[in-house]
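Reading the structure
Letter by letter, the chains look like this.
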Amino acid sequence: GIVLPPINLRDNLRLEAGEYAFQLRGEEIGGAKLHARKQLALDPGNARGEMEGMKTTDPVFGLPAYWITDGQVLRAQTLGYTVVDVPTVLTTHFVELMNMYAHELYDTNQLDRTLERVSQTNPKLVEELVPEMLSRQILLRVFRSLIREGLSVRDANTILEALADYAPKTKDPDILVEFVRQRLSRHITRRYADDEGIIHYVGLAPQMENVLLQGLQTQEGSAPNLIVDPMVAQTLFTKIRELTENFTGPSQAVVLAPPLARGALRRMLERVMPRVVVLSSAELLPT
């Protein structure tokens, strides 16, 4: 639902041969070193034995890997390694960084284009919502929050309708995001379900759900914060990381949280596990 800006390619003499770096607004957000005429053999976690090659770490997912020659590819695949070429490493790294920083690329100009597009089919909705009910700044924060968690904002009409329904009750963008996500249940369900329509999730034990709900600190009109004992939080982080990273099913494993605690739990997990997806049952279709 966003348009990527132009990408400028420049030489940098301070980088070594084969090195590259991605910059966003002048600041480096990622980089690595490539080796021409080599292949990268990644250990997805079940590879058997070591390879003869240059030991390294995959720049995208942090997996142990080796730079190997073309002649070693067949053996590496036989041992369970995933082998990718240099262009694939570079483009995969770029796509992953765009997923991580896409919310920063959705600016006021893109928001204006979104509002103009909706105005063509539903002008009354935009007129009533902006700026009478919500400011452009709040709208921008809502759209950025959705993109930050990997959701599409292409269905802007549904997003704006949800905001128009709940804006009279609250102006807090974090609370509004939760209401919008529930309206996007069809998109969220399809986004994380496998080919058979099944969502694979990590569930919280009843006592852990109670801990989270009791730890919610709310102020009138603002999103709740989560206050949890550090030892309990560390145990929760460790188990979620272990279960989600070791899952090898047909789709991505998500964390299922109580609706009231979903946003707060996601904000807490984001600091240590930015790729973990947190959903609530209110965001999923009954089927």
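You'll find the structure just up there.
Figured I'd write up the structure that's included with this text. These figures come from a predicted structure and were not determined experimentally.

Glancing now at the sheet that holds strand 4 (residues 54-57). With antiparallel pairing, the four strands of this open sheet are ordered in space as 4-5-3-6. Sheet topology places strand 4 and strand 6 (82-85) at the edges, where each strand pairs with a single neighbour. Mean inter-strand twist for the sheet, computed between neighbouring axes without regard to direction, equals 30°. Where strand 3 (residues 39-42) lies against strand 5 (residues 64-68), four bridges are found, and the strand directions are antiparallel. For Q39, the partnering residue across the bridge sits in strand 5 and is I68. Each of strand 3, strand 5 and strand 6 touches helix 2 (residues 86-105); the most contacted strand, strand 6, lies at about 90° to it.

Here E127 lies in helix 4 (residues 123-133). For the pair E127 and A76, spaced 51 residues apart in the sequence, the C-alpha separation amounts to 60 Å.

Taken in spatial order, the three strands make up an open sheet running 7-10-11, and their pairing is parallel. The strands lining the two open edges of the sheet, one partner per strand, are strand 7 (201-203) and strand 11 (278-280). Between one strand axis and the next, the sheet turns by 40° as a mean value, whatever way the strands run. As paired strands, strand 10 (residues 254-257) and strand 11 are joined by three bridges and run parallel to one another. By the bridge assignment, L256 is partnered in strand 11 with L279. In the packing of helix 11 (residues 262-270) onto the sheet, the strands contacted are strand 10 and strand 11, and the crossing angle to strand 11 comes to about 175°.

Cut-offs and rules
Residues numbered from 1 in each chain as written. Predicted model: local features only at pLDDT ≥ 70, side-chain atom pairs only at ≥ 80, totals over all residues. Heavy atoms only, no water. Pairing = 2+ DSSP bridges. Helix = DSSP H or I, 4+ residues; strand = E, 2+ residues; numbered from the N terminus. Axes fitted to C-alpha atoms, helices over the stretch in contact; angles between N-to-C directions. Contact = heavy atoms within 4.5 Å.

So, to be careful, I would describe these as geometric facts and stop short of saying anything about function.
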